[in-house]
Amino acid sequence: MKTYLMFTAKAFSNQMAYRSEVWFRLLGNFVTILIQVAIWKAVIGEVDVGQVSIETMTTYSILNTLLTALLLNGISGKVDSSLKSGSISSELVKPISYPLYLLFEGLGGSVYQLVFTAVPSFLIAWLYFGIMPPASPVFLAAYVTALLMALAISFLLGYLVSLIAFWFMNHFALSWMLGGLLTIFSGSFLPLWLFPPTWEGVAKLLPFQFLGYVPASLYLGVIPAESILGVFIAGIIWIAILLLIVQWLWKKAISRLVIQGG
Amino acid sequence: MTLPLFFKLVRLLMKERMEYRADFLLSIFAQIIAYGGDYIVIWMFIQRFDTIAGWNWPEIAFLYSIGLFTYALGASFSFVQMRDLEEQVKNGTFDSLLIKPVNPYLFLISRGFNLGYIAHILISASVMIWAIIQLDLKWTLINVLYLILSVISGALINAGIMTLIGSVSFVWVRSGFLFNLFFRLKEFISFPLPVFGALIQILLTIVMPLAFVNYYPAAFLLSKDILGLPTWSMWFVPVVGPFCYWVAYRAWMGGVNKYQSAGG
C-alpha cells in the first residue's frame, strides 16, 4: 500500500512543476461556467419547465465543471504511450499490480486538481455566481459518496478503453467514442430530467450518468432521499460489472501483448 | 513551398493514411460519434426550450456547423503542427527545420497537413446542408459567395489564433495550456452571441474575434438583427480572417527570429 501511495505522491509532485499554469486552468473553468450560466439565463424565464431555477442550474453547472477536472481521464493515454514505446514490458515485470499503479498514479493527479483547481474554482464561482448549499447533510454525504463512485467509474472506463486498445491499437478513436457517449449520457451539461423521455430512459440504464448527473443531483437533492439507496446500488453494480470486464480483458490482453517499441 | 509541391505532399500523406485503412476509418467513425454527441445535446436542449435567444434548432445547427467546419479547415493546417511545436522546441528538433531552404512556417504547416479532420468536415457539412434545406434560405449568388468567403475567413481566424498560440512556444517553450484555454473559449461560439453579456460580446468581436467565425455570417445570412447594424457591415466578415492570419503569421515569424534552441 505504501508503495502505491508513493506513486500518488510522485504524480502530485510532478504536476507541481506546472504550478504557473494554474491561473489559466482557473480562467478556463470560469469561462466554462460563465458560458453555461449565460445559456441557462437565456432560456429560463421564457419557458416554465419545473425543477429548474437559475440558482439550481448555476450550481449544477459549477459542480459538473469542477467534477470534470477531478475525474481520472489520462489513463488510456498513459497506457497507450507505454504500449507504443514498449516501456509496458518493464512495468509488467515489476512486483506490483499494473492497474493499481495506474489507479494510484491517476489519483495523484486528481488530488492535485482538487487542491489547485477545484477548490479555488469553487471559491471563485461561489463569490461570482453564488452556489446553493447542499440540500441537507444527508445529501452532502451522498454527494461525497457519489464523487468517490465517479472516480472509480471514470478510472474503470478509461482502463477499459486502454485494454480494448491492446487489440485495436488506436486508443484515440476509442477515447473519442467514450467522450461522445459521456457528452450525451453523463448529463454534465443538460441534466437527465430535461432529456426527452426516451433518451432519459436510455441514460438511466448506462453508467455514464454517474460522471455528471448523479453527484450533482444528489447535492441539489433532486434525487429524492428514498431513491438514494437504489442509485448507489446501481452504481456499485456498474463498478462490479466493469471490474469483471477489465479483469477478464486484462488476462486476455497480457497473453497477446505485442510490444511495439524496442 | 509551391502549390504543386503541396499537392504532391497531400497525395503522399493520403497514401500514408491509407496504409492503415481500418485504423483511419475507425478514427473517422469515432470522431463522428464524438461530434454527434455535441449535436445531440444541443438538440435535446432545444427540444425542451424551443429556442435559444430567438434561434431555433435548424438555425443553431447551421451556426454550430459553420463553427465546426471552419475549425476543421483551420486546424488541418495548424493545430497539430502548433501543438507539437512545444515538444520540438524543447527537444531542439525544431532547429533542423531552420536549415531547410524553404520558409519554415510554410514547411511546418504543409508537412503536418492533417487529413484527420475529414470526419469533422463530413459531419459538419452534412448537418449544414440539412439545416440549409430546413431553413429555406434564398440562395442568391451573393449569399453563396458570402458563405464561401465567410467559411474561408472563419478558417483563417481559427488558424490564426492557433498559430499565435504556437508562436508562444518560442518564448515560453510551453504552450499546451493556452490550447486548453482556447478550446474552452471556443465554446462561446457554439451559441448565438446575444446569449452573453455586452462585455463578452465586445471581447469576442474585437480582442479574440471568434464571433466573426460563425455568429456574424450566420446572423447576416439568416437576416437576424444585429444591434441595428447596416447590411453593408456584413462585408467586414470576409476581411477579419485574412487580417488575423496575417498578424499571427508575422508574430510567428518574429518568434522564429528571436528563437534560441532550448534543446541540447
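Residues numbered from 1 in each chain as written. Chains lettered and ligands numbered in written order. Predicted model: local features only at pLDDT ≥ 70, side-chain atom pairs only at ≥ 80, totals over all residues. Heavy atoms only, no water.

Caption draft 1: Examining the overall build of chain A more closely. A tally of regular secondary structure across chain A gives 11 helices and zero strands. The N-to-C order of helical and strand elements in chain A reads α-α-α-α-α-α-α-α-α-α-α. Taken against the 2.2 N^0.38 rule, which gives 18 Å for 262 residues, the C-alpha radius of gyration of chain A at 19 Å falls within 12% of a compact globule. With the principal axes as the frame, chain A shows a C-alpha extent of 60 × 45 × 30 Å. Pairs at least 24 residues apart make up 80% of the contacts formed inside chain A by residues separated by at least 6 positions. Of the roughly 12,000 Å² of accessible surface on chain A, 71% is carried by carbon and sulfur atoms. (Helix = DSSP H or I, 4+ residues; strand = E, 2+ residues; numbered from the N terminus. Rg over C-alpha atoms; globule rule 2.2 N^0.38 Å. Contact = heavy atoms within 4.5 Å. Areas by Shrake-Rupley, 256 points an atom, 1.4 Å probe, with all protein chains shown as cover.)

Caption draft 2: Broad picture of the overall build of chain B. Helix and strand content of chain B: 12 helices and zero strands. Start at the N end of chain B and walk to the C end: the helices and strands fall as α-α-α-α-α-α-α-α-α-α-α-α. Whereas a compact globule of 264 residues would reach a radius of gyration of roughly 18 Å, chain B reaches 19 Å, a difference of no more than 12%. Projected onto its principal axes, the C-alpha positions of chain B cover 60 × 45 × 35 Å. Looking at chain B residue by residue over its 264 residues, the buried ones come to 55%. Within chain B, contacts between residues at least 6 apart in sequence are counted, and of these 77% link residues at least 24 apart. Carbon and sulfur atoms make up 67% of the accessible area of chain B, which totals about 12,600 Å². (Buried < 20%, exposed > 50% of the residue type's maximum accessible area, 1.4 Å probe, protein only.)

Caption draft 3: Structural context of the interface of chain B and chain A. Each partner contributes residues to the interface: chain B has 34 residues there, and chain A has 35 residues. Both sides of the chain B and chain A interface together cover about 3,200 Å² of buried area, and 78% of this is carbon and sulfur. Here chain B is connected to chain A by one salt bridge. Here B:R174 makes a salt bridge to A:E21, at a shortest N to O gap of 2.6 Å. The interface formed by chain B and chain A holds six residue pairs in polar contact (both at pLDDT 80 or more) in total. Mapped by element, the contributors of at least two residues to the side of chain B that touches chain A are helix 2 (21–49) and helix 9 (176–186) of chain B. Of the residues in the side of chain B that touches chain A, the class split is 22 nonpolar, six polar and six charged. (Buried area = accessible area lost by both parts, 1.4 Å probe. Salt bridge = Lys/Arg side-chain N within 4 Å of Asp/Glu carboxyl O. Polar contact = N/O pair within 3.5 Å; in protein donor to acceptor, adjacent residues only side chain to side chain. Nonpolar A, V, L, I, M, F, W, Y, C, P; charged D, E, K, R; others polar.)

Caption draft 4: View of the confidence of the model for chain B. On average, chain B scores 89 in pLDDT, and the residues at 70 or more come to 98%. The least confident element of chain B, judged by mean pLDDT, is helix 1 (residues 3–19) of chain B at 81; the most confident is helix 3 (residues 57–76) of chain B at 96. (pLDDT = per-residue confidence, 0-100.)

Caption draft 5: Structural context of the pattern of salt bridges. All names here are of chain A. Here the structure, examined in full by the defined rule, presents six salt bridges over all chains. Here K204 makes a salt bridge to E200, at a shortest N to O gap of 3.2 Å. In this pair, K204 and E200 are both assigned in helix 9 (residues 197–204), four residues apart and thus about one turn of the helix distant. Taking the relative accessible area as the measure of exposure, K204 reaches 41% and is therefore partly exposed.

Caption draft 6: View of the layout of surface pockets. All names here are of chain B. By volume, the second largest pocket is sized at about 430 Å³. In terms of lining, the second largest pocket is formed by 19 residues, of which the most central are I161, V207, M208, P209 and C244. Every element with two or more residues in the lining of the second largest pocket is listed here: helix 8 (141–172), helix 9, helix 10 (198–207) and helix 12 (237–258). Along the lines of polarity and charge, the residues of the lining of the second largest pocket split into 17 nonpolar, two polar and no charged. (1 Å grid on protein atoms, 1.4 Å probe; cavity = no way out; pocket = protein on both sides within 12 Å on 5 of 7 lines; lining within 4 Å. Points joined across faces, edges and corners; volume = space filled by probe spheres on them.)

Caption draft 7: Structural context of the UniProt feature "transmembrane region" (unreviewed entry) in chain B. Residue and element names in this part refer to chain B. Within the UniProt annotation, "transmembrane region" (unreviewed entry) is assigned to residues 24–46, 61–80, 115–133, 145–173, 193–212 and 232–252. Secondary structure within residues 61–80 divides into 90% helix and 0% strand; the distance between the first and last C-alpha atoms comes to 27 Å. The span residues 232–252 carries 76% helix and 0% strand; its end-to-end C-alpha distance comes to 33 Å. (UniProt positions renumbered as here; feature names shortened; annotations may be inferred.)

Caption draft 8: Main features of the UniProt feature "transmembrane region" (unreviewed entry) in chain A. All names here are of chain A. The UniProt entry lists residues 22–44, 56–75, 111–131, 138–168, 174–195, 202–222 and 228–250 under the feature "transmembrane region" (unreviewed entry), expressed in the numbering used here. With 86% helix and 0% strand, the stretch residues 111–131 has end C-alpha atoms that lie 22 Å from each other. Counted over residues 174–195, helix gives 55% and strand 0%. Its end C-alpha atoms are 25 Å apart.

Caption draft 9: Representation of empty space enclosed by the protein in the model. Residues and elements named next belong to chain A. In the structure shown here, the tally under the stated rule is two cavities of 30 Å³ or more. Taken as a whole, the largest cavity spans an internal volume of roughly 40 Å³. Lining the largest cavity are L26, N29, F30, I33, S121, I124, A125 and F129. Looking at the lining of the largest cavity, the elements that each hand over two or more residues are helix 2 (22–43) and helix 6 (98–128).

Caption draft 10: Region of interest: the packing of helix 8 of chain B against helix 12 of chain B. All names here are of chain B. Two elements in contact, helix 8 and helix 12, have axes whose closest approach is 7 Å; the angle formed by their N-to-C orientations is 20 degrees. In terms of their interaxial angle, helix 8 and helix 12 are classed as roughly parallel. Relative to helix 12, the crossing made by helix 8 is left-handed. (Axes fitted to C-alpha atoms, helices over the stretch in contact; angles between N-to-C directions. Parallel < 35°, antiparallel > 145°, perpendicular 65-115°, else oblique. Left-handed = near helix turned anticlockwise from the far one by under 90°.)

Caption draft 11: Inspection of helix 10 of chain B at higher detail. If you check which residues of helix 10 of chain B are buried, you get B:I200, B:Q201, B:L204 and B:T205. End-on, the buried residues of helix 10 of chain B take up no more than an arc of 125 degrees, which puts them together on one face. Across from the buried face of helix 10 of chain B, at angles greater than 90 degrees, the exposed residues are B:A198, B:L199, B:I206 and B:V207. Tucked into the core, helix 10 of chain B has its buried residues touching helix 2 of chain A together with helix 11 (215–221) of chain B. (Arc of directions from axis to C-beta.)

Caption draft 12: Broad picture of the side chain of A:S82. Residue and element names in this part refer to chain A. Looking at where S82 falls in the secondary structure, it is placed in helix 4 (residues 75–85). Among the polar contacts made by the side chain of S82, one reaches the side chain of Y98 at a distance of 3.2 Å. If near-sequence neighbours (up to four positions away) are discounted, S82 is found in contact with S87, I88, E91 and Y98.

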